[in-house]
Amino acid sequence: MRQHLLHFAIVGAGPTGTELAASLRDFIKSDLVTLYPALEGMPRISLYDVAPKVLSTFDESLSRYAMETMKREGIDVRTSHHIQDLRWGAPGDEPPYEMDPRGCLTLTTKEEGQVGVGMCVWVTGNAMNELITGSLRDVKSFPTQSAVMKDDIPVQSTQGWRYKKAPRTGALLVDGHLRVQLEDSSGATAVLNDVFAIGDNAMLETGAPPATAQVTAQEAKWLAARLNHGDLGQTPGFSFNNMGTLAYIGNAKALLQLPDGERHIPHKVTGRMAWLVWNSAYLTMTISWRNKLRIAVRWLLNRLFGRDISRY
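Residues numbered from 1 in each chain as written. Predicted model: local features only at pLDDT ≥ 70, side-chain atom pairs only at ≥ 80, totals over all residues. Heavy atoms only, no water.

J.: Looking at this structure, I do not really get the pattern of salt bridges. What am I missing?
T.: Note that side chains of opposite charge can pair when their charged atoms are close. Taken as a whole and judged by the stated rule, the model has 14 salt bridges. With its nearest N and O atoms 3.2 Å apart, the salt bridge here joins E112 to R78. Taken together, the residues E112 in the loop between β5 (105-109) and β6 (113-117) and R78 in strand β3 (residues 75-79) connect sequence positions 34 residues apart. Residue R179 pairs with D175 through a salt bridge whose shortest N-O separation is 2.8 Å. Looking at D175, the relative accessible area reads 5%, which means it is buried. Connected through salt bridges with shared partners, the residues R25, D26, E73 and K253 form a single ionic network. (Salt bridge = Lys/Arg side-chain N within 4 Å of Asp/Glu carboxyl O. Helix = DSSP H or I, 4+ residues; strand = E, 2+ residues; numbered from the N terminus. Buried < 20%, exposed > 50% of the residue type's maximum accessible area, 1.4 Å probe, protein only.)

Okay, structure coming up:
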């Protein structure tokens, strides 16, 4: 039971799952084992994904480097695994499976059967918000002056319209200026001039950028600037500027992938150098100087003395 409880399963080997597994590995190796030396070698971290590799959005060489590094650091990377069930109780227990916070869970995969775990974190992605999928469907009526047809012809009828959505995800399909669109039974499209959608709830009709916080932040800044200047109709549509992708993989190592462009800048960086860029990027994005200083001091103290862990 102790081995089951000290088994941490993370389902989803994207950037969130990979960074969680790496940070949890650092926490166990650097801090917990120091406090509880009798448990050394017993905690396990398993990273599951249905894909054949981790960090599938990265270049093949970076993904392979991440897998090799995490395996070397003690993380059990289990790609091409299909999760079938998660329940209370230990492997082999007979039903009914009653909830016991002091006991373990059983994770069942198609490839290896039942495995006992103490914690399972599911990070395979976000489902579309129920407000978007369930509530925003048909539009009973709307002010005709607030919408125009695709060719700038005024809308003649406000009946029989519904929100235009992406077929696969159900996200609101917005135009290049992030405006919500409507469609009728004939396939005609109307654009709402004063209703906007950004982030995971929306998808650009002109080409969807990746569903990351970097994209949402750029959409918000672009839309705020257009509304403040009052030049939405005179400005070209939103265009995503890829600033690169970062991921932490443990033991002060990270990955950095930059878009193709400048010839003299390396497009792929790994190891400690990428970790320094990773830390610098997050520190730079922190808003106030007080928080920047607080975070930098906390990082320094953690490196020198370890994380602050309370013992009861």
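J.: Can you help me understand the UniProt feature "domain: FAD/NAD(P)-binding" (unreviewed entry) in the protein chain in this one?
T.: Residues given the UniProt feature "domain: FAD/NAD(P)-binding" (unreviewed entry) here are residues 7-130. The span residues 7-130 shows a helical share of 28% and a strand share of 29%, and its end C-alpha atoms are spaced 33 Å apart. (UniProt positions renumbered as here; feature names shortened; annotations may be inferred.)

J.: Can you help me understand the packing of aromatic side chains in this one?
T.: For any pair of aromatic rings, geometry is given as the distance between the ring centres together with the angle between the planes. Evaluated as defined, the whole model comprises 3 aromatic pairs. Between W222 and F238, the aromatic rings sit 6.1 Å apart at their centres with planes inclined by 70 degrees, giving edge-to-face as the arrangement. Here the residue W222 occupies a position in helix α5 (residues 213-229), and F238 occupies one in the loop between α5 and β15 (245-248), the gap between them amounting to 16 residues. Grouping residues by exposure puts W222 and F238 together as buried. By way of ring pairs, the aromatic residues Y248, W278 and Y282 are connected into one cluster. R87 extends its terminal NZ or CZ atom over the ring of Y97, reaching a point 4.0 Å from the ring centre. (Phe/Tyr/Trp six-rings, centres within 6.5 Å; stacked < 30°, edge-to-face > 60°. Lys NZ or Arg CZ within 6 Å of the ring centre and 35° of its normal.)

J.: Got a minute to help me understand the sheet that holds strand β1 (residues 7-11) in this structure?
T.: One open sheet accounts for 4 strands, arranged β3-β2-β1-β7; its pairing is parallel. Across the chains shown, the open sheet's two edge strands, defined by having one partner strand only, are β3 and β7 (119-122). Neighbouring strand axes in the sheet, compared pairwise and without regard to direction, differ in orientation by 15 degrees on average. Pairing analysis gives 5 bridges linking β1 to strand β2 (residues 44-49), with the strands arranged parallel. When the sheet's bridge partners are listed, I10 is paired in β2 with L47. In the packing of helix α2 (residues 15-35) onto the sheet, the strands contacted are β1, β2, β3 and β7, and the crossing angle to β2 comes to about 175 degrees. The strands touched by helix α3 (residues 60-72) are β2 and β3; relative to β3, the strand with the most contacts, the crossing angle is about 140 degrees. (Pairing = 2+ DSSP bridges. Axes fitted to C-alpha atoms, helices over the stretch in contact; angles between N-to-C directions. Contact = heavy atoms within 4.5 Å.)

J.: Just to check I follow, could you spell out the environment of V11 for this structure?
T.: Within the secondary structure, V11 sits in strand β1. Here V11 falls in the buried class, since its relative accessible area comes to 4%. In this structure the C-alpha to C-alpha distance between V11 and H81, which are 70 residues apart in sequence, comes to 9.6 Å. Beyond its immediate chain neighbours, meaning those up to four positions away, V11 contacts Y48, I83, C120, V121, W122, V123 and T124.

J.: How should unusual backbone geometry be read in this particular structure?
T.: The linkage connecting P95 with the following residue, P96, adopts the cis geometry, with an omega of 5 degrees. Of note, P96 is situated in the loop between β4 (83-88) and β5. Although it is not a glycine, A252 adopts a positive phi angle of roughly 60 degrees. For A252, the location among the structural elements is in the loop between β15 and β16 (254-257).

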